[in-house]
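For reference, the chains in residue letters:
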Amino acid sequence: MERKTVEDVLQQGIYGPLETKPEERRKYLGTLRERIIVALTKNQVAETNIYPQVEQSMKEYPQAQLLLNGNMAYEELSKYVKLAAKNKLEHKIVTNKEHDTDIGLVLAMSTAIDKKEILVSPKVQMPAQLPQKKGLFAKLFKR
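The rules behind each value
- Residues numbered from 1 in each chain as written.
- Predicted model: local features only at pLDDT ≥ 70, side-chain atom pairs only at ≥ 80, totals over all residues.
- Heavy atoms only, no water.
- Helix = DSSP H or I, 4+ residues; strand = E, 2+ residues; numbered from the N terminus.
- Contact = heavy atoms within 4.5 Å.
- Polar contact = N/O pair within 3.5 Å; in protein donor to acceptor, adjacent residues only side chain to side chain.
- Patch = residues over 30% accessible without salt bridge, like charges linked within 9 Å, V, L, I, M, F, W, Y side chains within 5 Å.
- Areas by Shrake-Rupley, 256 points an atom, 1.4 Å probe, with all protein chains shown as cover.
- Salt bridge = Lys/Arg side-chain N within 4 Å of Asp/Glu carboxyl O.
- Buried < 20%, exposed > 50% of the residue type's maximum accessible area, 1.4 Å probe, protein only.

Visitor: Is there a simple way to think about the environment of Asp100 in this case?
Guide: For Asp100, the position within the fold is in the loop between strand S3 (90-94) and strand S4 (103-108). On a C-alpha basis, the gap between Asp100 and Lys27 in space is 7.8 Å, while along the polypeptide they are 73 residues apart. Once residues within four sequence positions are removed from consideration, Asp100 is found in contact with Lys42 and Asn71. Side-chain polar atoms of Asp100 contact the side chain of Lys42, separated by 2.8 Å. A distance of 3.4 Å separates polar atoms of two side chains, one belonging to Asp100 and the other to Asn71.

Structure, rendered in structure tokens:
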């Protein structure tokens, strides 16, 4: 192991310990992208319903950890905290005052799993009304 120089010790004392990929860690609530199973944006977390992909992933990966954005209201996060408790998963609310991220929830492992697609696509909105089929009489009498 390499010995630390006086310069290294002073730098760490001033700026804190060296960290790999600090920008990525700020974006993904303190973890690396390669460790993430599934992630939701703040808007997705704020929705009233729980995303089934998150619930399914919690069941598939019982050793995962749930990270929640502490800059959001607890009312928005509570349904996922309850879901984590129900699945006996560790959860942590992460607050970063210096940097705000659009990510609201991350389900991550302690080691790399390298999933290709981590962000859950927004729910597809159903049209307000499906076009009604015209019956035989409507076609004949052209209403």
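Visitor: Please explain a nonpolar patch on the surface as it appears in this structure.
Guide: A surface patch of nonpolar side chains, amounting to about 500 Å² of accessible area, comprises Val6, Leu10, Ile14 and Tyr15. Note on placement: Val6 falls in helix H1 (residues 6-15). On the basis of relative accessible area, Val6 is assigned to the exposed category, the value being 64%.

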